[in-house]
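Working through the structure, step by step
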Amino acid sequence: MCVCRGDGTLAYFFTPEGLSQLIEAAGFEAVECEFACVALRNRKQGGPDMKRVFVHGIFRKPAGTVAGSGAGSC
């Protein structure tokens, strides 16, 4: 899902499953792809914790893939 913020920038939101599909379609294999929950605090202003959820992934090239043979290589 894509959201246009008030300042004109775009924010993209992914699910672990959706991100894995995109990465695998690009020729990589998903080793790990899951949600990572984090609590952030603005210590300078002493504000409350802000809960954030990120998609964390570890991906790799499949064995036997030759470096530089993909699209966009010189």
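Details of the structure are given in the entry above.
Residues numbered from 1 in each chain as written. Predicted model: local features only at pLDDT ≥ 70, side-chain atom pairs only at ≥ 80, totals over all residues. Heavy atoms only, no water.

Comments concerning the overall build of the chain
Scanning the chain for helices and strands turns up one helix and four strands. When its helices and strands are written in sequence order, the chain yields β-β-α-β-β. Looking at the 74 residues of the chain, the share that counts as buried comes to 7%. Counting contacts in the chain only where the partners sit at least 6 residues apart, residues at least 24 apart contribute 33% of the total. As displayed, the chain offers around 6200 Å² of accessible surface, 57% of which is attributable to carbon and sulfur atoms. (Helix = DSSP H or I, 4+ residues; strand = E, 2+ residues; numbered from the N terminus. Buried < 20%, exposed > 50% of the residue type's maximum accessible area, 1.4 Å probe, protein only. Contact = heavy atoms within 4.5 Å. Areas by Shrake-Rupley, 256 points an atom, 1.4 Å probe, with all protein chains shown as cover.)

A look at the environment of Cys33
Following the sequence through the fold, Cys33 ends up in strand β3 (residues 29-40). In this structure the C-alpha to C-alpha distance between Cys33 and Val55, which are 22 residues apart in sequence, comes to 6.9 Å. With near-sequence residues (within four places) excluded, Cys33 lies in contact with Pro16, Leu19, Ser20, Val55, His56, Gly57 and Phe59.

Keep in mind these numbers describe shape, not what the thing actually does.
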